[in-house]
Amino acid sequence: MKPTRVLLAAASSLFVSQLMAGEAVLYITEDGSAVRDLAVSIDGQKKLVGASGFVVFDIEKGNHKVELSKYGEWLGEFDFATAGSSQNAEVQVELVGGEPMPEVNVYTPGQEEAAAVGQLSGYLQSDETGGPVSGARISVAGTEMAMMTDADGFFSFELPRGEYALNIAHPNYGKRDIASVRVMSNVNTGVNMTMSMSGNGVIEEVVAVGSYIPSTATAQERDSSAVLDAIGSEQMARFGDSSAASALKRVAGVSLVGGQFAVVRGLQGRYISSTLNGSLMPSTDPMRRDVPLDLFPASVLGGINIQKSYTPDLPGDTTGGAIMMTTKGLPDGPVNKIKINGGLNTRTTFSDVNGYEGSDTDFTGMDDGSRDLPSLVDSATNGGNDAINYCNFAGCTLPSEAAALGKSFDNNYRVDQIQAKPERGFSYAFGDLISKDAGDVGFYGAVQYNDKTEARHDAKTDDQNISGTYERSKRKIDATGYFVAGFENENHKLNSKSILLRKTDDTVRTSSVYDADDNQQTKEYTLQWVERQFLSQQFSGEHFFVDGTNQLNWRLGYSQTSRDEPDRRTYQYINGNLIPSTIERRYAELTEDAFEFGLDYTFDQMITDTIGMKLKAGMLMSTKDRTVDLVRIGFEIPSTSTLDVTQNIEHILTDDNFDSGNARIQVRTSPTDSYEASDDMFAYYGSAELDLTDVKILAGARLEDSEQTLSYPNSSVADDSLSANEVLPVVSVSWQANEETQVRFGVSQTLSRPGLTERSRSVQYDPETDEQIFGNPNLQISKITNIDLRGEYYFSEEESVSVALFSKDIADPIERSIPDGSGSASDGSTFRNEDSATVQGIEFDFRKNTLDGDAWSGFVSGNLTFLDATVNLSEDTARFEGKSSRKLQGQSEYLANIQLGFDHLPSGQNITFLVNYFDDRIYKTSRALEPEVEEGRYSVDIVYQYDATENLMVKAKANNITDEKVVFSRDGKEIESYFDGANISASVEYSF
């Protein structure tokens, strides 16, 4: 397809205005391909020729001497001349027998009789399959010239000489912008690229060629000896995923609990490892050892890989899978874009929801100090740890001092009805990639803010003769800051990545329930403010040696997670009377610091023409230190008081009542409420992979030496420790029957360590339900044997189907269980090693193109998972639950996803329909009763995107449009239900 002369003239005029006077452009080739690592010197200026084969110099008028050398060896020289400072030179140098053969073309921009044209052609290759990518729209930025790649992935333009940028768009592979592509007169410049559905496509090479034969090497994902699923930033954008959590639920065998935590192949967080840029992550949830995935917004993520089978380079707790998140790297070129977004919920927005008087800075997601423990109370109670001794004589707390302590608290308990505002937010991204002689230097930064209100509607409870209604509203304020800077060339990559992620939840819950057995009407109120933060600084390097056969990767990182819950307020009225023992103000803070250093070394060499060997070894040193501080302050009304406890709580806890002694505070903190913990691990691994062309065999092992220690600074209780030294072997085989078919099989051993809170003697409180959770210091490490089998068939470079079978046998699995206690202790939860568990399942995954035309393209993809996970209970648990076995908690028997997408290529519009389903799953076990079950449900989403111009993008999405009722049941009877409402949002993004 050739452009008309009118287009050529327009393009020529455009680029004439961009060319600088006195420029010499050289490209160096040998046998038609670019020559790399060649030093070129013009008039004393010296530069290296990169992988592109091009090098550019500024020149003055006069005679110019060109010298060429490689690795210090002189190759030759030649001269050329320019008559004026406005003249440019194009120099093509072909090395023949090592001798330079130059062709020099000197010209004055804008004074040529006809446009000097060259050819820009290329090939687009799939990173997933190694085959061509057809149907991609290639456009030349700043012109109206565009075309589609043909069935073989090729494209070709005839363009005036100059420097160009290409815009590439594909319905499945997303978008790429390729900057600084040179075209020289009478020369064919080939741009050969890979693109990935995971959003990580790169320029493979830019060469000056006469003809090009594309590579058919199998890409990393298809070649992997492990079972791997990839999600890229482009796919997250296409599917409207706002965070890592929402993206993961579309992967085969993956579901979410609470919208935050992943369940992979029926196994919850303790069996899943999570990494960010290769580093382990501390958790911001005191109840769990896994990471809340809603903390990581899509705006900073470059991609997510979910590896479901174990390899020695992964942490030893990779049983269900490894969630490997990477943040965005250096951009391909200049980035300067802003996005504004807004949204509403069909039930919540503009309706009345629960609210209360907060601080002046709540909109930032940071409390201004209004919720801090009063300094007077802090000093008088030794940080909330010492009880108050009230009396009327010296040596204890006098009435006047007691009154001052009570009055130091802000008398703010009232719950009001406020109007829920629409969702609003913005983000800004900036960056650039600057080419230098030694390589590329770049940076990328992003900031994001979002403010959204959620609520549960028509919420009801009805269980064990206790029934009623409740309201829960939650304001969610998210803030993100991200910056990466680095250097890259052909053999080395150095990066520095700084990350700040904040999520604040401001929750208000009110409930009114009737207990028919006790004839009691109970109204309960909870005001909760929680700030979660993840702060990380990471340095990493990738280095290739000896013609790329040796690779050394290293990483060094420090991260800190924190969860601050200041002044959680709870109280109850029973039959209209305020119950003083239920009034509590709680101050909880968790901080976890993590330091990590890791090395990975790979040697990849062909032993013969058909046999390859890859040897890999590495080490990891990780240390985590956690501090948990918990202070509980209660209030009491002396039995001699005549206060009217039917009043509003703010009329009871007044300054006058503290002065008169009718109300006073109590310290309820237990000596073991606060604790300090460390979790240290040293690991090293080795593996060998033999590539026999059609068959790959991998064998290796990982040694992990770990120790957990818990101490209680406010108690005389002895420290608890758990140490282990485990060897975790793995063997896997991958057989490529032909170009379309591949089968993988693996056997491995992994483990699961208890979380720090699970082993703590502290009584913790569930962040959602406020239920007491009792740790178990006697917990032991679970050991797992894994068997994985997956077959894949590729219809084309974009279309495939796969079937996976897996089996896991778990010894001593840890389950959340019923405590062996009485009274209030019997209502909480604890953790216990059960006897054994088995997990078996089948996963079916597919993708198929439905349309493939010049104007329209479409696809359908989806997955279906069947799981059977059974736990054999220990003697104690079986006695409490009344059964010897049951399903694993959080495990759905069936999971399903389907996506249907359509693209109108000429207008740049696309629409995607997404359906997600999870089956019934155990939410909580119960004493002598059937467990509480979260009933399965569907969610349907629609995402629309319109590339209005090269700079303007409009996106709209509707989530949960069916608004199916959320139901919890016990033995088939509904015990709790509510509606979330449908979310409708839109965003406008503009690139400057």
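Residues numbered from 1 in each chain as written. Predicted model: local features only at pLDDT ≥ 70, side-chain atom pairs only at ≥ 80, totals over all residues. Heavy atoms only, no water.

Undergrad: What's the story with the overall build of the protein chain in this structure? I'm lost.
TA: Within the protein chain, the regular secondary structure consists of ten helices and 59 strands. Relative to a compact globule of 992 residues, whose C-alpha radius of gyration would be 30 Å, the protein chain shows 32 Å and is just as compact. Its C-alpha atoms put the protein chain at 105 × 55 × 55 Å along the principal axes. The buried share of the protein chain, reckoned over its 992 residues, is 54%. At a minimum sequence separation of 6, the contacts of the protein chain that also span at least 24 residues come to 68%. Accessible surface, the protein chain: about 41200 Å² in total, of which carbon and sulfur atoms supply 51%. Counting 85 positive and 149 negative side-chain charges, the protein chain places the centres of these two groups 3 Å from one another. (Helix = DSSP H or I, 4+ residues; strand = E, 2+ residues; numbered from the N terminus. Rg over C-alpha atoms; globule rule 2.2 N^0.38 Å. Buried < 20%, exposed > 50% of the residue type's maximum accessible area, 1.4 Å probe, protein only. Contact = heavy atoms within 4.5 Å. Areas by Shrake-Rupley, 256 points an atom, 1.4 Å probe, with all protein chains shown as cover. Lys, Arg positive; Asp, Glu negative; His and termini not counted. Charge placed at Lys NZ, Arg CZ, Asp CG, Glu CD.)

Undergrad: I would appreciate a short explanation of the packing of aromatic side chains in the present structure.
TA: What describes a pair of aromatic rings is the distance from one ring centre to the other and the angle between the planes of the rings. Scanning all chains against the criterion turns up 22 aromatic pairs. Their ring planes at 50° and their centres at 5.2 Å tell us that Tyr123 and Phe154 sit as a pair that is tilted. One end of the pair, Tyr123, is in strand S10 (residues 117–126); the other, Phe154, is in strand S13 (residues 154–160), with 31 residues separating them in the sequence. Residue Tyr123 is classed as buried on the basis of its relative accessible area of 4%. (Phe/Tyr/Trp six-rings, centres within 6.5 Å; stacked < 30°, edge-to-face > 60°.)

Undergrad: I keep staring at the sheet that holds strand S3 (residues 38–42) and nothing clicks. Help me out?
TA: With antiparallel pairing, the four strands of this open sheet are ordered in space as S4-S3-S6-S7. If you trace the sheet from one side to the other, it starts and ends with strand S4 (45–49) and strand S7 (73–82), each paired once. Each neighbouring strand pair of the sheet contributes to a mean axis angle of 20°, computed without reference to strand direction. Direction of pairing for strand S6 (residues 62–70) relative to S7: antiparallel, over a ladder of nine bridges. The residue bridging His64 from the neighbouring strand is Phe80, located in S7. (Pairing = 2+ DSSP bridges. Axes fitted to C-alpha atoms, helices over the stretch in contact; angles between N-to-C directions.)

Undergrad: Sorry if this is basic, but what is going on with the pattern of salt bridges here?
TA: When the charged atoms of two side chains lie near each other, side chains of opposite charge can form a pair. Taken as a whole, this structure holds 52 salt bridges when the rule is applied. Residue Arg475 is joined to Asp451 by a salt bridge in which the shortest nitrogen-to-oxygen separation is 2.6 Å. Taken together, the positions of Arg475 in strand S30 (residues 466–488) and Asp451 in strand S29 (residues 440–463) put the pair 24 residues apart, joining distant regions of the chain. You can call Asp451 buried: its relative accessible area is 1%. A salt bridge links Arg816 to Glu771, with the shortest nitrogen-to-oxygen separation between them at 3.1 Å. With Arg816 in strand S46 (residues 814–817) and Glu771 in the loop between strand S42 (763–765) and strand S43 (772–774), this pair connects stretches of sequence that are 45 residues apart. In this structure Glu771 comes out as buried when scored by relative accessible area, which is 11%. The network of salt bridges with shared partners includes Glu23, Glu163 and Arg182. (Salt bridge = Lys/Arg side-chain N within 4 Å of Asp/Glu carboxyl O.)

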